[in-house]
Amino acid sequence: MRLTRSSVILGLLGVLLIVAAALVRFVYLPSASRLPDDFDSTQSYAGTYSGVNPDAFAGGPVDQVLVRDVPAEISRRYATASVDGDTAVVTRTLQTPAGEEVVGAAAVRYAVDRTTLESVPSDAKDVVASKGLIFSLPLHPQTDAKYQLWDEATAKAFPLTYKGTGTVQGREVYRFESTAEGPVADPAALGLPTSITRGQLTDLGPRLASLLPPAVQAQLPALLAALPSDIPLTWTSKTTSTVWADQTVGAPIRANSSQEISASIVGISLPFATMDLTSTQASDTAIASDASDIAAKLTWIGTIIPIAALVLGVLLLALAVFLAIRAGRRPGGPTPAEPPGVSEPVPA
């Protein structure tokens with residue numbers, strides 16, 4: 001075998017391609033699989049609101065105390081605010097259908113691991129302490145994983161349980177469900193008052209009576225008369241959520257939730273409101289399209305490019321060896337070794 005210029009060049013190219021395949025698969029792919037520093041995703045919801053008109057507690061017209069199936073629309077936008085190594089701070093903003101920030105709804109910042117998307121501790125300014133998943137499942141979600149979903153109303157994380165598979169907007173998805181129940185952590189964040197005057201409750205009482213059990217309705221006049229001038233309110237929330245997560249990307253292609261809020265007044269629980277929301281078809285389509293693009297990118301980076309580079313590199317190395325062997329067999333190449341026991345004739 002004799003090395004030639006072409007065999008050396010082909011051999012070097014083959015080695016470089018094999019190294020490149022390894023770098024793309026084991027270095028670039030993990031980097032590309034992390035939450036990017038320019039992440040920005042919005043999911044829009046539409047549904048209905050039924051229950052007590054919030055304006056009634058804010059001095060609004062008492063002739064509209066109870067409302068039913070009032071159309072409701074809102075969007076949740078999650079965008080990367082900053083990145084520090086493996087941690088990203090993500091801001092959640094509530095928006096109107098027109099894309100404008102909801103008046104009075106403060107933006108909330110969460111710190112998440114850029115790979116698992118799980119909440120992590122952070123010393124960054126104004127970051128809310130949280131647990132579990134905030135806005136998406138990780139890449140290639142596992143059906144047997146012990147995921148938890150963060151609930152803003154109760155400020156706690158609750159199990160997110162796998163329930164089956166399906167197809168949404170042409171994407172294969174896993175369906176997960178979660179039920180979150182407990183005291184409302186920050187009533188002001190939901191626009192809920194923490195107290196009500198006896199005068200307000202006296203005015204509202206007859207209109208709210210239909211929400212109370214019959215036994216309580218009969219005692220209502222006596223209960224109202226015995227109340228103090230300022231009555232504290234406590235709140236509980238129960239939210240049932242369903243998420244259809246992309247099997248490759250983990251993004252919530254579709255989501256819906258049903259939240260029931262109850263008020264407790266001097267030990268009496270009063271159903272306050274029910275909010276039913278489902279992600280819109282336009283939102284599902286947009287998120288599915290983004291998930292498709294990300295999945296295609298990961299396929300190229302994680303499979304197609306590394307395999308193509310590896311195969312081509314091996315072929316080039318094989319060709320380099322073949323050319324070197326062929327060059328060694330040509331006239332002018334190295335003299336073959338003499339068989340054992342054969343020697344040159346001695347001149348007479």
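Everything numeric in this text was worked out from a predicted model, so none of it was measured.

Rules used throughout
- Residues numbered from 1 in each chain as written.
- Predicted model: local features only at pLDDT ≥ 70, side-chain atom pairs only at ≥ 80, totals over all residues.
- Heavy atoms only, no water.
- Helix = DSSP H or I, 4+ residues; strand = E, 2+ residues; numbered from the N terminus.
- Buried < 20%, exposed > 50% of the residue type's maximum accessible area, 1.4 Å probe, protein only.
- Contact = heavy atoms within 4.5 Å.
- Areas by Shrake-Rupley, 256 points an atom, 1.4 Å probe, with all protein chains shown as cover.
- UniProt positions renumbered as here; feature names shortened; annotations may be inferred.
- Phe/Tyr/Trp six-rings, centres within 6.5 Å; stacked < 30°, edge-to-face > 60°.
- Lys NZ or Arg CZ within 6 Å of the ring centre and 35° of its normal.
- Axes fitted to C-alpha atoms, helices over the stretch in contact; angles between N-to-C directions.
- Parallel < 35°, antiparallel > 145°, perpendicular 65-115°, else oblique.
- Left-handed = near helix turned anticlockwise from the far one by under 90°.
- Salt bridge = Lys/Arg side-chain N within 4 Å of Asp/Glu carboxyl O.
- Patch = residues over 30% accessible without salt bridge, like charges linked within 9 Å, V, L, I, M, F, W, Y side chains within 5 Å.
- Polar contact = N/O pair within 3.5 Å; in protein donor to acceptor, adjacent residues only side chain to side chain.
- Expected span 1.5 Å × (residues − 1).

J.: I'd like a description of the overall build of the chain, backed by residues and values.
T.: Secondary structure assignment for the chain yields 5 helices and 12 strands. Split into buried and exposed, the 348 residues of the chain put 37% on the buried side. By sequence separation, contacts in the chain at least 24 residues apart represent 61% of the contacts at least 6 residues apart. Carbon and sulfur atoms provide 58% of the accessible area of the chain, an area that totals close to 19600 Å².

J.: Tell me about the UniProt feature "transmembrane region" (unreviewed entry) in the chain, and name the residues and values.
T.: According to UniProt, the positions carrying the feature "transmembrane region" (unreviewed entry) are residues 300-325. Note that residues 300-325 is 100% helix and 0% strand, and that its end C-alpha atoms are spaced 36 Å apart.

J.: Pulling in residues and values, what's your account of the packing of aromatic side chains?
T.: Applying the stated criterion across every chain, the model contains 7 aromatic pairs. Seen in terms of ring centroids, Trp 235 and Phe 272 are 4.8 Å apart; in terms of plane orientation they differ by 80°. Their pairing is edge-to-face. Residue Trp 235 is found in strand β10 (residues 230-246), and its partner Phe 272 is found in strand β12 (residues 268-279); the two are separated by 37 residues along the sequence. Assessed through its relative accessible area of 4%, Phe 272 is described here as buried. The lysine or arginine in question, Arg 254, covers the ring of Trp 244, its NZ or CZ lying 5.9 Å from the ring centre.

J.: Can you lay out the packing of helix α1 (residues 5-32) against helix α5 (residues 281-329) for me, pointing to particular residues and giving the numbers?
T.: The axes of two packed helices give the description: the angle between them and the distance between them. Where α1 meets α5, the axes come as close as 7 Å, and the angle between the chain directions of the two elements is 165°. As the angle between them shows, α1 and α5 are arranged roughly antiparallel. The chirality of how α1 crosses α5 is left-handed.

J.: Break down the pattern of salt bridges for me, with residues and values.
T.: The tally for this structure, following the rule as stated, stands at 7 salt bridges. With its nearest N and O atoms 3.9 Å apart, the salt bridge here joins Asp 69 to Arg 68. The exposed category is assigned to Arg 68, whose relative accessible area is 68%. The shortest N-O distance in the salt bridge between Glu 177 and Arg 175 comes to 2.7 Å.

J.: How would you sum up a nonpolar patch on the surface? Please name residues and give values.
T.: Where nonpolar side chains cluster on the molecular surface, the patch consists of Val 15, Val 19, Leu 23, Phe 26 and Val 27 and spans about 480 Å² of accessible area. Relative to the helices and strands, Val 15 is located in helix α1.

J.: Hey, could you go over the side chain of Ser 279 for me, with residue numbers and the actual values?
T.: Among the secondary structure elements, Ser 279 is positioned in strand β12. The exposure class of Ser 279 is buried, given its relative accessible area of 6%. Here Asp 284 takes part through its side chain, which lies 2.8 Å from a polar atom of the side chain of Ser 279. Residues in contact with Ser 279, not counting those within four places in the same chain, are Gln 43, Ser 44, Tyr 45, Ile 253, Arg 254, Ala 255 and Asp 284.

J.: Explain the environment of Val 249 residue by residue, including any values.
T.: Structurally, Val 249 can be placed in the loop between β10 and β11 (252-265). The class of Val 249 is buried, set by a relative accessible area of 9%. C-alpha separation for the pair Val 249 and Ala 288, spaced 39 residues apart in sequence, amounts to 9.8 Å. Leave out the neighbours within four places in its chain, and Val 249 touches Leu 137, Pro 138, Leu 139, Ala 291, Ile 294 and Ala 295.

J.: Describe α1, listing the residues and the values that go with them.
T.: With 28 residues, α1 should reach 40 Å at 1.5 Å per residue; the first-to-last C-alpha distance of 38 Å fits that figure. Taken together, the buried positions of α1 are Ser 7, Leu 10, Gly 11, Gly 14, Ala 21, Val 24 and Leu 29. Of the surrounding elements, those touching the buried residues of α1 are α5.

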